[in-house]
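# Architecture at a glance
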Amino acid sequence: MTSPATGAAGLPDYAPIPQSAFGPALNEQGYYVGRVERNLYWVTDGVYQAAFLTTDDGVVLFDAPPSIGGNLQRAVDEIAAANGVSNRVTHLVYSHHHADHGSAASLFDGDVTRIGHEETKRLLLRDDDPARPLPEVTFADRYTLEVGGERVELAWHGPNHTPDNIYIHFPDHDTLMFIDVVNAGWVPIYNLNLSEDVIGYMGAPAIALSYPWTHLISGHLGRLATRDDVAVHQQYIADIDASAQEALASVDPVPYYVAGGANVWAGVKGHLDAVTERAAAPIIAKYTGVLAAADIEAFTVTTTFQIMQSYRLDRGHSGPVHP
Ligand SMILES: [Zn+2]
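A brief structural summary. (Residues numbered from 1 in each chain as written. Predicted model: local features only at pLDDT ≥ 70, side-chain atom pairs only at ≥ 80, totals over all residues. Heavy atoms only, no water.)

### A short note on helix 6 (residues 227-250)
Selection rule: Each helix is a run of DSSP H or I of at least 4 residues and each strand a run of E of at least 2, with the numbering of both proceeding from the N terminus. Under the convention used throughout, the expected extent of a helix is 1.5 Å for every residue step, that is, one less than its residue count. The buried label goes to any residue with under 20% of its type's maximum accessible area, the exposed label to any with over 50%, and the partly exposed label to all in between, with areas taken from a 1.4 Å probe on protein chains only. Throughout this description, a polar contact denotes any pair of N or O atoms lying within 3.5 Å of each other; where both atoms belong to protein, one of them has to be capable of donating a hydrogen while the other can accept it, and for residues adjacent in sequence the pair is counted only when both atoms sit in side chains.
In a regular helix each residue adds 1.5 Å, so 24 residues correspond to 34 Å; helix 6 covers 35 Å between its end C-alpha atoms and thus fits that length. When we look at burial in helix 6, the residues that qualify are Asp229, Val230, His233, Tyr236, Ile237, Asp239, Ile240, Asp241, Ser243, Ala244, Ala247 and Leu248. Backbone nitrogen of Asp228 and a side-chain oxygen of the N-cap are separated by 3.3 Å at the start of helix 6; the cap is Thr226.

### Here we look at the nonpolar core
Formally: Residues enter a nonpolar core if they are buried and are Ala, Val, Leu, Ile, Met, Phe, Trp, Tyr or Cys, with the set joined through side-chain atoms within 4.5 Å. Every residue pair with non-hydrogen atoms within 4.5 Å of one another is taken to be in contact.
If you look at the biggest cluster of nonpolar residues, it comprises 33 residues, and the most contacted ones within it are Tyr167, Leu176, Phe178, Val187, Leu216 and Tyr236. Elements represented by at least two residues in this core include exactly helix 5 (198-209), helix 6, helix 8 (264-287) and helix 9 (297-313). Contacts of Leu176, omitting those with residues within four sequence positions, involve Tyr167, Ile168, His169, Ala208, Tyr211, Trp213, His215, Leu216 and Ile217. Val33, Ile68, Ala75 and Phe108 belong to the second-largest nonpolar core, a separate cluster that totals 23 residues.

### Notes on the pattern of salt bridges
Side chains carrying opposite charge are able to pair once their charged atoms draw close together. Note the following rule: Put simply, a salt bridge is a Lys or Arg side-chain nitrogen that is within 4 Å of an Asp or Glu carboxyl oxygen.
Taken as a whole and judged by the stated rule, the model has 13 salt bridges. The salt bridge partner of Arg132 is Asp129, with a shortest N-O separation of 2.9 Å. A residue is classified by how much of its surface remains accessible, and Arg132, at 8% relative accessible area, is buried. Overall, the relative accessible area of 22% leaves Asp129 in the partly exposed class. The shortest N-O distance in the salt bridge between Asp241 and Arg315 comes to 2.9 Å. Of this pair, Asp241 sits in helix 6 while Arg315 sits in the segment after helix 9, and the two are 74 residues apart along the sequence. A relative accessible area of 12% places Asp241 in the buried class.

Pasting the structure below:
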């Protein structure tokens, strides 16, 4: 693969970001808040996303990314003032335990009821971060949250990005919130968006699509996602999967192990790097200009490596059994 030329600030001259990857402009405080449907709103700082529901009994906040931080309450205040409803956050739902989506939770203390998956609670106990107080309400598979006449369906369908990442469905708002799997208009960052369960991550978009919704709050970047965004993401991952299988089958490992000699790990590196590069190159070429940042090679390369390893380790294609 060729490296792009170096441009300003030492960054390579990457391909232009497609206009479709951007969302609305931020205000002077650095956030945008917009209506999703009726009394469901989303907030972004251009990189992270959260959501909130205004009700007669108070506000339900979904995630609290620290990068949005104090702008969460500012966004709530702005919408509550415009609509003459309460701006008091009474409930906070954790999508998953990660700090980058939850560690502004401690800004909402007092009478707030926090809700999360039971594994979220276990992981937050483990991580012992005062910025992410434990959920008081937990569930294993499903939980219906009812506040002020509004209904939200929380569900856990197995591990994906993390062991605890849940699906948050707003059946009366035509919306799904599902974080850190699909990035609307952009490729996943390193290692399938820093995901722990490759098979779970690869299967999650189909589960997301099995819900009825028009708007997806995906947790990242500057706009809401559509069902088409999920389909493009699925195709990107499916293309990587097919390319990794092709490369595994066609790259001869023998020369790498011969060259490595007694240093077996050197042989492993040579072989797996060659497979990964061969598999990733056509994906980077195909998606540059389609998904933003597809030409940041490290993202597609590390995601390809993870999927290729999962093909060997999870799906059992690691080679013949010694006779
Ligand atoms: Zn995460």
